[in-house]
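# Descriptive structure summary
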Protein chains: 2
Amino acid sequence: VGAGFGGLAAARRLARQPVDVVVVDRTNHHLFQPLLYQVATGLLSAGQIAPPVRMALRDHPNSSTLLAEVVGFDLPARQLRLRHPDGSEGTLGYDYLVVAAGATDSYFGHDDWARYVFPMKTLAQAVALRGRLFGAYELAAQLDDPAERQRWMTFVVVGAGPTGVELAGQLTTVARQLRPEFHDLDLTRTRIVLVDGEAEPLPSFPPRLRAHVRRKLAELGVDVRLGRLAVGVDADGIDVREHHAGGPDGVGRTERISAGTVVWAAGVQASPLARMLGEATGADVDRQGRVAVAPDCSLPGHPEVFAIGDMVALHDLPGLAEPAMQEGCYVARVIGRRVTGRRPPRRFRYLDLGMMATISPSDAIAEIRGLQLSGLPAQLAWGGVHIAFLVGWGNRVGVLSRWAYNLLSKDRAEREMLGGVGSADLLPSLAHTDEPGNT
Amino acid sequence: VGAGFGGLAAARRLARQPVDVVVVDRTNHHLFQPLLYQVATGLLSAGQIAPPVRMALRDHPNSSTLLAEVVGFDLPARQLRLRHPDGSEGTLGYDYLVVAAGATDSYFGHDDWARYVFPMKTLAQAVALRGRLFGAYELAAQLDDPAERQRWMTFVVVGAGPTGVELAGQLTTVARQLRPEFHDLDLTRTRIVLVDGEAEPLPSFPPRLRAHVRRKLAELGVDVRLGRLAVGVDADGIDVREHHAGGPDGVGRTERISAGTVVWAAGVQASPLARMLGEATGADVDRQGRVAVAPDCSLPGHPEVFAIGDMVALHDLPGLAEPAMQEGCYVARVIGRRVTGRRPPRRFRYLDLGMMATISPSDAIAEIRGLQLSGLPAQLAWGGVHIAFLVGWGNRVGVLSRWAYNLLSKDRAEREMLGGVGSADLLPSLAHTDEPGNT
């Protein structure tokens with residue numbers, strides 16, 4: 001269940017086993033989420049980071065793909081309850097079940113904020129943000145009121161993890177690259193604000209690399225406001241409150257940031273399927289909605305049911321592609337050994353291959369097994385790893401060419417607003433209701 | 001007004017004149033409509049055929065771009081009435097006005113059909129059709145009822161002009177290329193039906209080339225049903241009635257075609273702005289809503305107002321890119337000569353450079369100044385002309401590489417359904433309400 005990094009790794013690894021594999025996802029694509037911000041900023045096309053699940057499994061004749069949403073589990077009967085694309089419901093039986101349904105956004109209990117902010121989890125959300133980004137400049141160019149014009153040229157990114165940092169850096173690049181096209185608007189007035197409750201960006205990286213990121217973001221002109229929590233969001237902007245530093249009366253100051261666009265790259269919570277599995281098996285579910293699994297990723301009392309990736313709590317692993325993929329491969333090995341009557345490996349061991357994040361087209365940071373890199377070497381490592389993990393040679397070549405062309409020409413090819421005047425792109429309350437998330 | 005072929009040609013040609021140019025369009029892109037069907041079928045990305053208007057005019061400092069909808073004319077005051085993206089209304093004054101607002105779909109008086117069919121005029125419509133096309137196969141793969149499965153594998157294209165013929169041919173290619181990915185559905189059962197009221201496809205081409213097209217379509221497996229009019233469309237399919245051949249009682253037989261998807265590539269009507277200009281100036285408006293212009297493309301009594309392209313009736317020119325572009329260049333020359341005090345050319349003369357259409361990746365027809373080509377030579381001419389007329393080198397190289405890659409690999413990169421289970425892609429009545437058209 002789920003064709004993300006974990007699910008796809010499991011399905012591909014099971015190709016070598018004497019089993020039939022059905023991959024169920026509620027979209028038709030495998031999303032390469034680490035490059036989602038490059039779709040949102042018009043650099044890559046949606047298809048380049050979202051190959052169809054079928055294409056990824058084309059050469060695995062023991063696999064099939066089902067576009068459907070999992071709405072429940074009947075673990076005693078070994079069945080999934082499904083909703084099909086035509087709205088009908090059905091069931092699907094299994095011998096082994098791997099649930100890899102990922103995570104979705106969390107608004108820390110303020111679900112009403114969802115209608116004002118642009119999340120960055122799904123392809124549809126990235127395309128909606130893209131329309132807003134380029135639409136905001138179009139609108140700013142025709143506004144007479146300087147304050148309103150400045151508001152539409154202000155973009156707030158909430159969350160200074162990899163997605164937030166990469167997006168904020170990229171937004172400054174967009175403003176610089178668009179400048180020659182706007183004969184009627186001064187794009188140097190663009191304001192990119194990066195907000196986070198933590199005192200540092202990318203807190204999981206070592207201090208030296210964090211310092212590099214802060215310096216780089218400042219050079220790019222990103223207004224980095226850390227130690228500040230979002231306390232209110234509406235159609236006109238966001239309120240943030242100082243978090244660590246208390247005022248004279250012990251309460252942090254609240255500040256208003258007028259902004260046309262607020263991007264939500266902050267909290268995540270596990271897919272609701274995690275809680276369903278917890279309820280069905282008695283497994284613990286933590287505050288982020290993640291279900292606790294056994295050391296072999298199975299659920300209590302159900303050695304045939306596994307859960308992996310962002311939806312599980314195991315060894316405090318980060319919500320990244322790498323642990324999900326390693327878990328997927330591990331679970332496939334367990335299943336393969338069981339069906340062939342061999343003893344499966346008893347527990348999952350994570351091999352930490354490191355972390356990386358990019359800040360601008362020529363700068364990144366990377367920590368690879370203790371080695372700390374920054375600048376061009378880190379950017380080359382970042383590029384190599386991301387190209388390698390894309391699915392399909394066409395996409396690898398396509399993404400590489402787009403990067404090269406962007407460096408040479410400053411052009412961004414994918415700037416289509418699918419709507420237009422009066423479309424949802426510029427009407428916040430309509431912009432992204434009922435966007436389906438990833439399974 | 002309008003950044004299509006005519007409007008953009010006029011704006012670019014005016015770059016050499018001592019004038020200020022404002023291009024008003026209700027989308028942010030110039031749409032290269034001849035390749036729209038390749039977006040709808042997942043071959044090209046939307047951005048590759050829809051460069052931003054601003055990018056197309058970046059090097060013309062005398063031009064600016066306005067994302068707005070023209071909602072009326074005040075010709076005596078020399079003003080446009082505009083609706084801005086935030087919903088507010090405003091005006092824009094001019095010394096000279098060029099209206100190039102193009103055409104939209106016509107349902108021959110059956111506007112209720114619009115909710116069941118997929119038109120092919122705008123980028124948003126092509127993306128909606130793409131979601132339906134790939135979604136239909138996903139749905140068919142999980143249906144048990146053979147009749148329903150066959151219905152979702154049936155695609156009817158109404159209209160055997162260039163768009164309809166090219167799309168029908170391409171749909172057979174899609175079915176062939178997807179076959180290895182569907183381990184659970186026999187894609188050879190795909191049925192592509194091409195319907196038109198005329199007795200021949202591409203009636204504007206000479207008989208020998210038309211015969212070539214018919215033969216090729218038959219080879220590709222397209223079910224060509226000509227001489228048949230659409231008389232009813234609903235969520236489950238289409239009713240067509242024989243048109244030329246009468247039955248024993250003089251009335252053609254009506255036939256039902258069950259189909260999951262009906263594409264509307266038939267009638268067009270001029271932008272409503274044509275009628276507004278007719279009412280404001282007393283110029284005739286024909287049955288397709290096109291306004292009659294003087295031999296110099298101006299409106300009666302208003303030598304400073306020009307209308308060009310698909311929205312005007314002049315010398316019975318076809319609704320193609322070429323006449324619109326030539327008219328745009330002509331009108332720019334007229335304006336340039338007038339503002340510099342020279343005598344403008346008295347009348348527009350169309351230089352017929354020929355017509356071409358493609359049927360499959362390796363076959364096309366072309367008529368170039370009397371020379372009739374078919375097969376590979378025509379395909380090469382078609383490819384060369386289309387690449388040449390794309391805007392921007394990035395898009396030229398990008399489209400060429402996609403074509404090459406598709407020939408080699410059979411992959412289609414852009415198959416993302418932005419929705420998913422339960423999304424509009426598979427619910428006909430929601431699929432494309434309120435899609436904005438091209439200005």
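So, here is what we can say about the structure in this document. Just so it is clear, the structure is predicted and the values come from calculations on it, not from any experiment.

## As for the relation of the copies chain B and chain A
At an RMSD of 0.0 Å, chain B and chain A line up after a rotation of 180° and a shift of 0.0 Å along the axis. In symmetry terms, the pair is related by a two-fold rotation axis. Closest approach to the rotation axis among the C-alpha atoms of chain B is made by Ser45(B), whose C-alpha sits 3.2 Å away. A share of 100% of the interface residues of chain B reappears at the interface of chain A, consistent with the copies meeting face to face through the same patch.

## Observations regarding the pattern of salt bridges
Inspection of every chain in the model, using the stated rule, returns 48 salt bridges over all chains. Between Asp223(A) and Arg191(A) there is a salt bridge, and its shortest N-O distance comes to 3.3 Å. With a gap of 32 residues between them, Asp223(A) in strand β11 (residues 223-226) and Arg191(A) in strand β10 (residues 191-196) connect regions that are remote in the sequence. For Asp223(A), a relative accessible area of 21% translates into the label partly exposed. Taking relative accessible area as the criterion, Arg191(A) reaches 27% and is therefore assigned partly exposed. The residue Arg130(B) makes a salt bridge to Glu416(B) at a minimum N-O spacing of 3.1 Å. Taken together, the residues span a long stretch of sequence, with Arg130(B) in helix α4 (residues 123-140) and Glu416(B) in the segment after α11 (393-409) at a distance of 286 residues. By the burial criterion, Arg130(B) is buried, and Glu416(B) matches it. Among the charged side chains, a salt-bridge network with shared partners connects Arg26(A), Glu69(A), Arg83(A) and Glu89(A).

## Quick word on the side chain of Ser106(A)
All names here are of chain A. Examined against the element boundaries, Ser-106 turns out to sit in the loop between β7 (103-105) and β8 (118-119). One polar contact links the side chain of Ser-106 to the main-chain amide nitrogen of Phe-108, over a distance of 3.2 Å. Setting aside residues up to four positions removed in sequence, Ser-106 forms contacts with Trp-264, Gly-267, Val-268 and Gln-269.

## Some details on the side chain of Thr281(B)
Residues and elements named next belong to chain B. For Thr-281, the position within the fold is in helix α8 (residues 272-281). Polar side-chain contacts of Thr-281 include one of 3.3 Å to the backbone nitrogen of Ala-283. Beyond its immediate stretch of four places on either side in the chain, Thr-281 contacts Leu-75, Leu-299, Pro-300 and His-302.

## What about the environment of Asp111(A)?
Residues and elements named next belong to chain A. Within the fold, Asp-111 resides in the loop between β7 and β8. A relative accessible area of 57% places Asp-111 in the exposed class. Distance from Asp-111 to His-386, taken between C-alpha atoms, is 33 Å for residues 275 residues apart in sequence.

## A short note on the pairing of strand β5 (residues 89-93) of chain A
Residue and element names in this part refer to chain A. Pairing between strand β4 (residues 79-83) and β5: five bridges, direction antiparallel. Paired with Arg-83 across the strands is Glu-89, a residue of β5. Where β4 hands over to β5, the hairpin turn is made up of five residues, of which Gly-87 adopts a positive phi near 95°.

## Let's talk about unusual backbone geometry
All names here are of chain A. One non-glycine residue with positive phi stands out, namely Leu-202, at about 45°. Of note, Leu-202 is situated in the loop between β10 and α8 (207-220). Look at His-315: it is not a glycine, yet its phi comes out positive at around 55°. Within the element layout of this structure, His-315 appears in the loop between β20 (312-313) and α10 (321-339).

## What about the environment of Ala266(A)?
Residues and elements named next belong to chain A. By the element assignment, Ala-266 lies in the loop between β15 (261-264) and β16 (268-270). Classification of Ala-266 as partly exposed rests on a relative accessible area of 25%. For Ala-266, the contacting residues outside a window of four places in its chain are Phe-108, Val-158 and Gly-159.

## What about the packing of helix α5 (residues 123-140) of chain A against helix α7 (residues 162-178) of chain A?
Residue and element names in this part refer to chain A. Between α5 and α7, the least distance of the axes is 12 Å, while the angle of their chain directions is 40°. The angle between the axes of α5 and α7 places the two elements in the oblique class. Along this stretch, α5 crosses α7, giving a crossing that reads as right-handed. Of the residues in α7, those touching α5 at Leu-129, Leu-133, Phe-134 and Tyr-137 are Leu-167, Leu-171, Val-174, Ala-175 and Leu-178. Here the contact of α5 with α7 is composed, by residue class, of nine nonpolar, no polar and no charged.

## Comments concerning the packing of aromatic side chains
Residue and element names in this part refer to chain A. Summed over all chains, the structure comprises 16 aromatic pairs over all chains. Between Phe-5 and Phe-32, the aromatic rings sit 5.6 Å apart at their centres with planes inclined by 70°, giving edge-to-face as the arrangement. Remark: Phe-32 occurs in the loop between β1 (21-25) and α2 (36-40) and Phe-5 occurs in helix α1 (residues 5-13); sequence separation between them is 27 residues. A residue is classified by how much of its surface remains accessible, and Phe-5, at 14% relative accessible area, is buried. Residue classification places Phe-32 among the buried residues on the basis of a relative accessible area of 3%.

## A few points about the interface of chain B and chain A
The interface is formed by 58 residues belonging to chain B together with 58 residues belonging to chain A. Surface buried jointly by chain B and chain A totals about 4900 Å² across both partners, of which 56% is contributed by carbon and sulfur atoms. On inspection of chain B and its partner chain A, the count reaches six salt bridges. Salt-bridge contacts for Glu138(B) lead to Arg54(A); the nearest nitrogen and oxygen are separated by 2.9 Å. Summed over the shared surface of chain B and chain A, the result is 26 residue pairs in polar contact (both at pLDDT 80 or more). Put simply, the parts of the chain that give the side of chain B that touches chain A at least two residues each are α3 (53-56), β2 (63-67), α4 and α11 of chain B. The biggest single contributor to the side of chain B that touches chain A is α4(B), with six residues. In terms of residue class, the side of chain B that touches chain A is built from 26 nonpolar, 18 polar and 14 charged.

The rules we used
- Residues numbered from 1 in each chain as written.
- Chains lettered and ligands numbered in written order.
- Predicted model: local features only at pLDDT ≥ 70, side-chain atom pairs only at ≥ 80, totals over all residues.
- Heavy atoms only, no water.
- Least-squares fit on C-alpha atoms with pLDDT ≥ 70 in both.
- Contact = heavy atoms within 4.5 Å.
- Salt bridge = Lys/Arg side-chain N within 4 Å of Asp/Glu carboxyl O.
- Helix = DSSP H or I, 4+ residues; strand = E, 2+ residues; numbered from the N terminus.
- Buried < 20%, exposed > 50% of the residue type's maximum accessible area, 1.4 Å probe, protein only.
- Polar contact = N/O pair within 3.5 Å; in protein donor to acceptor, adjacent residues only side chain to side chain.
- Pairing = 2+ DSSP bridges.
- Axes fitted to C-alpha atoms, helices over the stretch in contact; angles between N-to-C directions.
- Parallel < 35°, antiparallel > 145°, perpendicular 65-115°, else oblique.
- Left-handed = near helix turned anticlockwise from the far one by under 90°.
- Nonpolar A, V, L, I, M, F, W, Y, C, P; charged D, E, K, R; others polar.
- Phe/Tyr/Trp six-rings, centres within 6.5 Å; stacked < 30°, edge-to-face > 60°.
- Buried area = accessible area lost by both parts, 1.4 Å probe.

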